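The residues making up each chain are set out below.
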Amino acid sequence: MSSNSLAKALMNAEVSVGQCEKHGEYKSCHIVYGTTDSWSGCPTCAEEKVASDRMAEFEANQREAARARMERMIGYACLPPRFADKTFDTYRAESEQQRNYLAKCQAYAADFPDHLKTGEGLLMLGNPGTGKTHLAVATLNDVITRHQTQGLYTTAARMFRRIKDTYGSREETETQAIDAYTKPALLVLDEIGVSFGSDAELNYLFDVMNERYEQCLPTIVVSNVQPGELGQWMGDRVVDRLRESSKMMVFGWESARKSLGRNE
Ligand SMILES: Nc1ncnc2c1ncn2[C@@H]1O[C@H](COP(=O)(O)OP(=O)(O)O)[C@@H](O)[C@H]1O
Ligand SMILES: [Mg+2]
Ligand SMILES: [Zn+2]
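Residues numbered from 1 in each chain as written. Chains lettered and ligands numbered in written order. Predicted model: local features only at pLDDT ≥ 70, side-chain atom pairs only at ≥ 80, totals over all residues. Heavy atoms only, no water.

Observations regarding the coordination of the zinc ion (ligand 3)
Consideration 1: Protein coordination of the zinc ion (ligand 3) is provided by Cys20 (SG), His23 (ND1), Cys42 (SG) and Cys45 (SG), with donor distances spanning 2.1 to 2.3 Å.
Consideration 2: Coordination at the zinc ion (ligand 3) comes from 4 donor atoms whose angles at the metal span 105 to 116°, giving a geometry best classed as tetrahedral.
Consideration 3: Motif for the zinc ion (ligand 3), donor spacing along one chain: C-x2-H-x18-C-x2-C. Here His23 is found in the loop between β1 (14–20) and β2 (24–33), whereas its partner Cys45 is found in helix α2 (residues 43–76), with 22 residues between them in sequence. (Donors = N, O, S within 2.8 Å, 3.2 Å for Na, K, Ca; no water. Tetrahedral: all angles 85-135°; square planar, octahedral: opposite > 155°, others 65-115°. Helix = DSSP H or I, 4+ residues; strand = E, 2+ residues; numbered from the N terminus.)

Next up, the structure:
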């Protein structure tokens, strides 16, 4: 029915009193048009329906925006695809120590807003294949999704390469590259000790860690080296600050890769 003919039909309409279960009495019009006819419903219900449809649409838009934001954040975190499934749910805690570390990391992620005030981080050391990267990435994933905050995963080698790639580059300055690692609320810095540890690298590491330390931004440092050897790979200045600001976890058990019979 066009609005014009609807207006005409309403003008000549018979009127009676309708009864709405929710809103009580209302003026109902008998609308006859061609061979069909109907009585108009409760106008307050009609208004409410419009408002609730609008609200539902608004909420759907909000959910979509939140989902897109979350996807971008996980994208920013630069998690390698092979780590996408490294979550607390997929971590098997079989030994007492594994249960202990899983619980520690879960609590750390849950309390992350507190750690943003103090800058408290985690230091995960131990043998290769013991699930350090798994737990670090699971913690990062949980912090990002639970607190909608920005996080970044990197290996030390990748960080040094990105900073060095700015030498003579027009796309990115050295400062911008360093900022990429000093700005995120949570940084996972993996595989300390794999790269050579030149003086230039130690200086970059100090710049990044010192800036994060001063801004109270937490870092999860992961390494296969022994606690006593850390200074050699990170510099004593960085290690002193780390010890002061981080909880240390030593992964002393056998490699999961060995028990899975895999060689990686
Ligand atoms: N407790 C565990 N539960 C589930 N998977 C594990 C566990 N420990 C290790 N893994 C898996 O074994 C592989 C090696 O672990 P990873 O975290 O890379 O070790 P690390 O960083 O200590 O060298 C990964 O695929 C990881 O997901
Ligand atoms: Mg690892
Ligand atoms: Zn009504």
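Overview of the site of ligand 1
Consideration 1: Lining the immediate environment of ligand 1, one finds 15 residues, of which Arg92, Gly129, Lys132, Thr133 and His134 sit closest.
Consideration 2: Interatomic distance of 2.7 Å between a backbone N/O atom of Gly129 and an oxygen atom of ligand 1.
Consideration 3: For ligand 1, an oxygen atom lies 2.7 Å from a polar atom in the side chain of His134.
Consideration 4: Relative to its unbound accessible surface of 550 Å², ligand 1 loses 91% to contact with the protein.
Consideration 5: Those elements that place two or more of their residues in the shell around ligand 1 are α5 (132–147) and α11 (256–259).
Consideration 6: With 3 residues, the single largest contributor to the shell around ligand 1 is α5.
Consideration 7: Looking at the shell around ligand 1, its residues break down into 3 nonpolar, 8 polar and 4 charged. (Near = heavy atom within 4 Å. Polar contact = N/O pair within 3.5 Å; in protein donor to acceptor, adjacent residues only side chain to side chain. Areas by Shrake-Rupley, 256 points an atom, 1.4 Å probe, with all protein chains shown as cover. Nonpolar A, V, L, I, M, F, W, Y, C, P; charged D, E, K, R; others polar.)

Observations concerning the sheet that holds strand β4 (residues 121–126)
Consideration 1: If you trace the 5 strands from one edge of the open sheet to the other, you get β5-β6-β7-β4-β8, paired in parallel fashion. Lying at the two open borders of the sheet, with one neighbouring strand each, are β5 (151–155) and β8 (246–251). Strand-to-strand twist in this sheet, taken as the mean axis angle between neighbours without regard to direction, amounts to 10°.
Consideration 2: With 4 bridges connecting them, β4 and strand β7 (residues 219–223) associate as parallel partners. What sits directly across from Met124, in β7, is Val222.
Consideration 3: The sheet contacts of helix α3 (residues 96–110) involve β4, β6 (186–192) and β8, and relative to β8 the element is tilted by about 155°. (Pairing = 2+ DSSP bridges. Axes fitted to C-alpha atoms, helices over the stretch in contact; angles between N-to-C directions. Contact = heavy atoms within 4.5 Å.)

Topic: the sheet that holds strand β3 (residues 36–39)
Consideration 1: Taken together, 3 strands build an open sheet; the order of strands is β1-β2-β3 and the sheet is antiparallel. With partners counted over all chains shown, the strands left at the sheet margins are β1 and β3, one partner each. On average, adjacent strands in this sheet sit at an angle of 25° to one another, irrespective of strand direction.
Consideration 2: Looking at chain direction, β2 and β3 are connected through 4 bridges and run antiparallel. If you follow Ile31 over to β3, its bridge partner there is Ser38.

As for the side chain of Thr219
Consideration 1: Take Thr219: it is sitting in strand β7.
Consideration 2: By relative accessible area, which is 6% here, Thr219 ends up buried.
Consideration 3: Of the polar contacts made by the side chain of Thr219, one reaches the side chain of Arg212; its length is 2.9 Å.
Consideration 4: Residue contacts for Thr219: discarding those within four places in its chain leaves Gly121, Leu122, Leu186, Leu187, Leu189, Met209 and Arg212. (Buried < 20%, exposed > 50% of the residue type's maximum accessible area, 1.4 Å probe, protein only.)

What about helix α8 (residues 199–214)?
Consideration 1: Compared with the 22 Å implied by 1.5 Å per residue over 16 residues, the 22 Å span of α8 between its first and last C-alpha is a close match.
Consideration 2: For α8, every residue scored as buried is listed here: Glu201, Leu202, Tyr204, Leu205, Phe206, Val208, Met209, Asn210 and Arg212.
Consideration 3: The inward-facing, buried residues of α8 abut α6 (156–164), α7 (174–182), β6, β7, α9 (230–234) and α10 (236–245).
Consideration 4: Directly after α8, the chain includes Cys216, whose backbone phi takes a positive value near 60°. (Expected span 1.5 Å × (residues − 1).)

As for the pairing of β6
Successive side chains on a regular strand alternate, one facing one side of the sheet and the next facing the other.
Consideration 1: With 6 of 7 residues buried, β6 is to be regarded as a mostly interior element.
Consideration 2: By the bridge criterion, 5 bridges tie β5 to β6 in an arrangement that is parallel. Across the sheet, the residue bridging to Thr155 is Asp190, located in β6.

Side note on the packing of aromatic side chains
Consideration 1: For the structure on display, the rule yields 3 aromatic pairs.
Consideration 2: Each ring, one from Phe83 and one from Tyr153, has its centre 5.4 Å from the other, and the planes form 70°; the classification is edge-to-face. Here Phe83 is found in the loop between α2 and α3, whereas its partner Tyr153 is found in strand β5, with 70 residues between them in sequence. Both residues of the pair, Phe83 and Tyr153, belong to the buried class.
Consideration 3: Centre to centre, the rings of Tyr108 and Phe112 are 6.2 Å apart; their planes meet at 65°, and the pair counts as edge-to-face. (Phe/Tyr/Trp six-rings, centres within 6.5 Å; stacked < 30°, edge-to-face > 60°.)

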